Amino acid sequence: MIRRAAADAPPLVTGFPAARHFIDGVFVEGSGEGVIEVVDPCTEEVVAVVPEGTVEDVDRAVAAAVAARSGWAGQLPRQRSELLHSIADRLAENADELSRLESADTGKPLPVSADDVAQAVDTFRFMAGAVRATTSLAAGEYAQDHLSVILREPLGVIGVVTPWNYPLLMAAWKIAPILAAGNTLVLKPSEQTPLTTLKLAELVADLLPPGVLNVVNGYGAVVGARLAEHPDLGMIALTGSVASGRAVARAAAESLKRVHLELGGKAPVLVFPDADLGAAAAALRVAGFWNSGQECGAACRVLVHESVAGEFVERLVGEVRELVVGEPRGGDGVEVGPMVSRAHFERVAGYLERARKDGVRAAVGGEPLDGPGYFIAPTVLVDVPEGAEVAREEIFGPVITVETFTDEDEAVRRANSVSLGLSASVWTENARLAQSVPSRLDFGTVWVNSHLVLASEVPWGGFKGSGYGRDLSLYALDDFSRTKHVMHNRGR
Ligand code: NAD
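Rules and cut-offs
Numbers given to residues run from 1 along each chain, matching the order in which its sequence is written. For this predicted model, a pLDDT threshold of at least 70 governs which residues receive local features, and a threshold of 80 or more governs which side-chain atom pairs are given and counted, while totals over whole chains, interfaces and linings are taken from all residues. Only hydrogens and water are set aside; all other atoms, that is, all heavy atoms of the structure, feed into the side-chain values. The cutoff for a nearby residue is simple: one of its non-hydrogen atoms must lie within 4 Å of the molecule or strand. Pairs of N or O atoms within 3.5 Å make up the polar contacts considered here, provided that, within protein, one atom can donate a hydrogen while the other can accept it, and that residues adjacent in sequence are counted only when both atoms are side-chain atoms. A 1.4 Å probe and the Shrake-Rupley method give the accessible areas. Residues count as covered only by the protein chains that appear here. Buried and open spaces are told apart on a 1 Å grid over the protein atoms alone, a cavity being a set of points where a 1.4 Å probe fits but cannot get out and a pocket being an open set with protein on both sides within 12 Å along at least five of seven lines. Residues with an atom within 4 Å of a point are the lining residues. Just a note on the criterion: a molecule sits in a pocket or cavity if more than half of its atoms are within 2 Å of the grid points. Helix and strand labels come from DSSP, where a helix needs a run of H or I of at least four residues and a strand needs a run of E of at least two; each type is numbered from the N terminus. The source of the domain bounds is an automatic or database domain assignment. Grid points are joined across faces, edges and corners, and a volume is the space filled by probe spheres set on the points. Each residue receives one of three labels: charged for Asp, Glu, Lys and Arg, nonpolar for Ala, Val, Leu, Ile, Met, Phe, Trp, Tyr, Cys and Pro, and polar for the others, Gly being one of them. Any two residues having at least one pair of non-hydrogen atoms within 4.5 Å are treated as being in contact. In short, buried area is how much 1.4 Å probe accessible area vanishes from two parts on joining, totalled over both. The working definition used for a salt bridge is a side-chain nitrogen of Lys or Arg within 4 Å of a carboxyl oxygen of Asp or Glu. At least two DSSP bridges between two strands are required for those strands to pair. Note on method: axes are straight lines fitted to C-alpha atoms, helices fitted across the in-contact stretch only, with angles between N-to-C directions ranging 0 to 180 degrees. Using a 1.4 Å probe on the protein chains alone, a residue whose accessible area is under 20% of its type maximum counts as buried, one over 50% counts as exposed, and one in between counts as partly exposed. For any pair of crossing helices, the crossing counts as left-handed if the nearer helix is rotated counterclockwise from the farther one by less than a right angle, and right-handed if it is rotated clockwise.

K.L.:
I keep staring at the site of the ligand and nothing clicks. Help me out?
P.N.:
The ligand sits among 29 residues. The nearest are Trp164, Glu191, Ser241, Ser244 and Glu394. Ser241 has a polar side-chain atom sitting 2.6 Å from an oxygen atom of the ligand. Contact with the protein chains removes 88% of the 840 Å² of surface that the ligand exposes when unbound. Comparing atom positions with the cavity grids shows the ligand to sit within the largest pocket. Breaking the shell around the ligand down by element, the ones donating at least two residues are helix 7 (220–229), strand 10 (235–239) and helix 8 (242–253). Each of domain 1 (13–263 + 466–485) and domain 2 (267–454) accounts for three or more of the residues forming the shell around the ligand.

Dropping the structure here:
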C-alpha cells in the first residue's frame, strides 16, 4: 500500500528555480534548441523543463571559470572561509524550500530531504573551517643548505558531474572543498534532478564572484563528456555509476587531467553469531532503505552466520514489514519513496523478476507496487545462493539480500568477492573479530556495529570498482589541490 497525498494537500513547491544554465554569475539560455523534462516520480507528471546543454555551453562556462580562477585563488583562506559560511547560512535560511524542492524532484520523503540539506550545510561549514587550518610537511632543511617549503595550490578549474540520488548533497560535497581549496568549477547536475542545484546557484549568485561556480544542464554523453575531455580543466570529478566512471576516465586520459571518482557500492553486512541481532535488524531498517535504497552505501547484502540466520531473518523481516511507503506529501510517517525514474524502476523490477525465476524467495516484498509512480515494495530476498546476480550487482533499490556463511574466512572471502568496494559493516560483540575483520575487508569505509553513519570530518570513497578519490574531510581538500615543493639554496 502506498500512502498518497490527500486531495487537499498543498503542493510541495509553488515556484521552481530558473530553468536555465548558470554561467558567469547569471542565468542564461543555452545555445541549443533541445530541452529535458523533469518528472515527479510519484505522479509521473512533468514538473519542469531545463535546457539540454551543448558543447558550446560547456565551453562558455569553462571560459568563465578560467577567467575567474586567479581572482578566486588569490583570496586568503579567511576570505574564502567567510564566503563558504555565507553559503551555508543561505542554504540553512532556505532549508525548508530546498527540502521541498528536492522531494518534488526525487520523490524522497521530506525527512530524508531535510537531512540532505542539513548535511549540505554542514559540509560547507566544515570546509570553511578546514581551509583555515591546513597542514603539511614542516618547512625545513632536508638537504644540506637547502630550505624546503611545501605549498598547497588549487588545481585550477574542476569539472563536476553529479548523480540523481542526492542531487543537492552530492553537489555540496564537491562544491565546498573545491571552492575552499581555491578552484573554480563547472558542474553538470543529473539530467533527471537538476532543480536543487539550480536553486543553490540562485541562492549564492550574489555571494560568489561571477564565474567561480557555473552550472550547465544536460546529458552525460554531451555535457559530461565535454567536461571530461576539456583541455582547460585540471580535474574531472564524477559521482555516478561505474560505466560513467569508466567513460570519464577514458575521456580524461587524452589531456591527462586528474580524475576523482565516487562510483557504485554493494555493501556487505557481516553478522557474526554473537552479534546483537535486534540492534542489527533495527539498523538495517534504516541503512538498507534510506533514500529507498538508492544509496551507494546502502546495507544491501547481508552475510549472516548460519547458526543465527533464522532468527536474524525473522527480526529483519519484522522491521521491513513495518516500513511505510508513500509520497512526500503522504505525511511525516513515510519512510520509503519511489524509484527516481521509470527506467530505474524497470531496472530494479527486472532484478526482482529474474531472482524470482531463479528460485530466490522474497520473505517480504519482492514486487513493484501499483502506480502511478515508480514504487517498489521494501524487499528481503532469502536463500540467496553464492554468486547470484542480486548478491553481486548493485540493485540500487529497496532490496536486501541474505546469504549465510559457516566461518570467518568464508565471510571475509565472500564479502570481498564483489567488484565494488565502497563500504561494509561488521556486527559482533567479539573484540578480536571487531578488530581483525575490518582490516581484511576491501572497502573504503567499514562500520562496526553500525551502518551508514557519515560525518563531514571523515573521508568517504571506495576501493576497486567503486573508484578513487575521497569526498568530505581533509582528504577531499587534499584531492582538490596540488602539492608544490619550493627549495631555496641558502648556502650561497
Ligand atoms: P549515472 O552514472 O547514470 O549518472 C551520474 C552522472 O553522470 C549524471 O549526471 C550523468 O548525466 C553523468 N554521465 C553519464 N554518462 C556520462 C559520460 N559518458 N560522461 C560524463 N558524465 C556522464 O549514475 P546515476 O544513475 O545518476 O547515479 C547512481 C550511481 O551513482 C550509482 O551507481 C551509485 O552507487 C552512484 N553513487 C555513488 C556515490 C558515492 O559516493 N560513491 C554517491 C551517490 C551515487
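Back to the text.
K.L.:
Just checking my understanding: could you explain the layout of surface pockets for this structure?
P.N.:
Empty space among the atoms becomes apparent when a probe as large as a water molecule is rolled across them. Considering only enclosed or pocket space, the largest pocket measures out at about 810 Å³ in volume. Lining the largest pocket are 37 residues, and of these Pro163, Trp164, Gly240, Ser241 and Ser244 sit closest to its centre. Elements supplying a minimum of two residues to the lining of the largest pocket: helix 7, strand 10, helix 8 and helix 11 (342–357). Tallying contributions element by element places helix 8 first for the lining of the largest pocket, with six residues. When grouped by side-chain class, the residues that make up the lining of the largest pocket number 19 nonpolar, 13 polar and five charged.

K.L.:
Help me understand the domain arrangement of the chain in this model?
P.N.:
It is common to report an interface's size as the accessible area lost on association of the parts. In terms of domain boundaries, the chain breaks down into domain 1 (13–263 + 466–485) and domain 2 (267–454). The C-alpha-based centres of domain 1 and domain 2 are spaced at 30 Å. The interface is formed by 26 residues belonging to domain 1 together with 28 residues belonging to domain 2. Summing the contributions of domain 1 and of domain 2, the shared interface buries around 2,200 Å²; its carbon and sulfur component is 60%. Linking domain 1 to domain 2 there are one salt bridge. The closest approach of N and O atoms between Arg342 and Glu44, which form a salt bridge, is 3.2 Å. Those elements that provide at least two residues to the side of domain 1 that touches domain 2 are helix 3 (95–106) and helix 4 (110–130).

K.L.:
What should I look at first to understand empty space enclosed by the protein in this one?
P.N.:
Within the structure shown, the criterion is met by two cavities of 30 Å³ or more. Counted as a void, the largest cavity has a volume near 80 Å³. Gly293, Ala298, Cys300, Ile395 and Phe396 are the residues nearest the centre of the largest cavity, which is lined by 13 residues in total. For the lining of the largest cavity, the class distribution of residues is six nonpolar, four polar and three charged. Taken as a whole, the second largest cavity holds about 40 Å³ of empty space. If you go around the second largest cavity, the residues you meet are Phe22, Gly25, Val204, Ala205, Leu208, Pro209, Pro210, Gly211 and Leu213. In terms of residue class, the lining of the second largest cavity is made up of seven nonpolar, two polar and no charged.

K.L.:
Any chance you could explain the pattern of salt bridges here in plain terms?
P.N.:
Think of it this way: side chains of opposite charge can pair up when their charged atoms draw near. Taken as a whole and judged by the stated rule, the model has 35 salt bridges. Arg414 is the salt-bridge partner of Glu410, the closest N and O atoms lying 2.7 Å from each other. Taken together, the residues Glu410 and Arg414, both in helix 13 (residues 408–415) and four residues apart, mark about one turn of the helix. Shared partners join several salt bridges into a network, and the residues in it are Arg301, Glu386, Glu403, Glu410, Arg413 and Arg414.

K.L.:
Which parts of the structure should I look at to understand the sheet that holds strand 5 (residues 140–143)?
P.N.:
In sheet architecture, strand pairing relies on hydrogen bonds along the backbone and comes in two forms, parallel and antiparallel. Here three strands make up an open sheet; going across it, the order is 5-6-21 and the pairing antiparallel. The strands lining the two open edges of the sheet, one partner per strand, are strand 5 and strand 21 (481–489). When strand polarity is set aside, the average angle formed by the axes of neighbouring strands in this sheet is 45 degrees. As paired elements, strand 6 (residues 146–154) and strand 21 share nine bridges and run antiparallel to each other. Paired with Arg152 across the bridge in strand 21 is Thr483.

K.L.:
Help me understand the environment of Ala181, please; the structure alone is not making it clear to me.
P.N.:
Mapped onto the elements, Ala181 comes out in the loop between helix 5 (167–180) and strand 8 (184–188). A relative accessible area of 10% means that Ala181 is categorised as buried. Along the sequence, Ala181 and Val66 sit 115 residues apart, while their C-alpha atoms lie 15 Å from each other. Among all residues touching Ala181, those that are not within four sequence positions of it are Arg80, Pro154, Leu477, Phe480 and Ser481.

K.L.:
Honestly, unusual backbone geometry in this entry has me stumped. Any pointers?
P.N.:
Peptide bonds are, in most cases, trans, and in most cases residues other than glycine have a negative phi. Between Gly371 and Pro372 the backbone carries a cis peptide bond, its omega angle lying at 5 degrees. Relative to the helices and strands, Pro372 is located in the loop between strand 14 (361–364) and strand 15 (379–382). Here the phi dihedral of Asn449 falls at roughly 60 degrees; this positive angle occurs in a residue that is not glycine. Locating Asn449 in the fold gives a position in the loop between strand 19 (445–448) and strand 20 (463–464).

K.L.:
Before we go on, may I ask you to explain the side chain of Thr184 in this structure?
P.N.:
With respect to the helices and strands, Thr184 occurs in strand 8. Note on Thr184: relative accessible area 0%, which makes it buried. From its side chain, Thr184 meets the backbone oxygen of Ala65 in a polar contact 2.9 Å long. In contact with Thr184, other than residues within four places in its own chain, are Ala65, Ala68, Arg69, Trp72, Gly156, Val157, Ile158, Ile178, Gly211 and Val212.

K.L.:
It is not clear to me how the packing of helix 9 (residues 277–287) against helix 10 (residues 309–321) should be interpreted in this structure. Could you clarify?
P.N.:
Pairs of packed helices are described in terms of their axes, by the angle between the two and the distance that separates them. Where helix 9 meets helix 10, the axes come as close as 9 Å, and the angle between the chain directions of the two elements is 35 degrees. As for the relative orientation of helix 9 and helix 10, their crossing is right-handed in sense. Where helix 9 abuts helix 10, its residues Leu277, Gly278, Ala280, Ala281, Ala282, Leu284 and Arg285 lie against Glu311, Phe312, Arg315, Leu316 and Glu319. Of the residues assigned to the contact of helix 9 with helix 10, the class counts are seven nonpolar, one polar and four charged.

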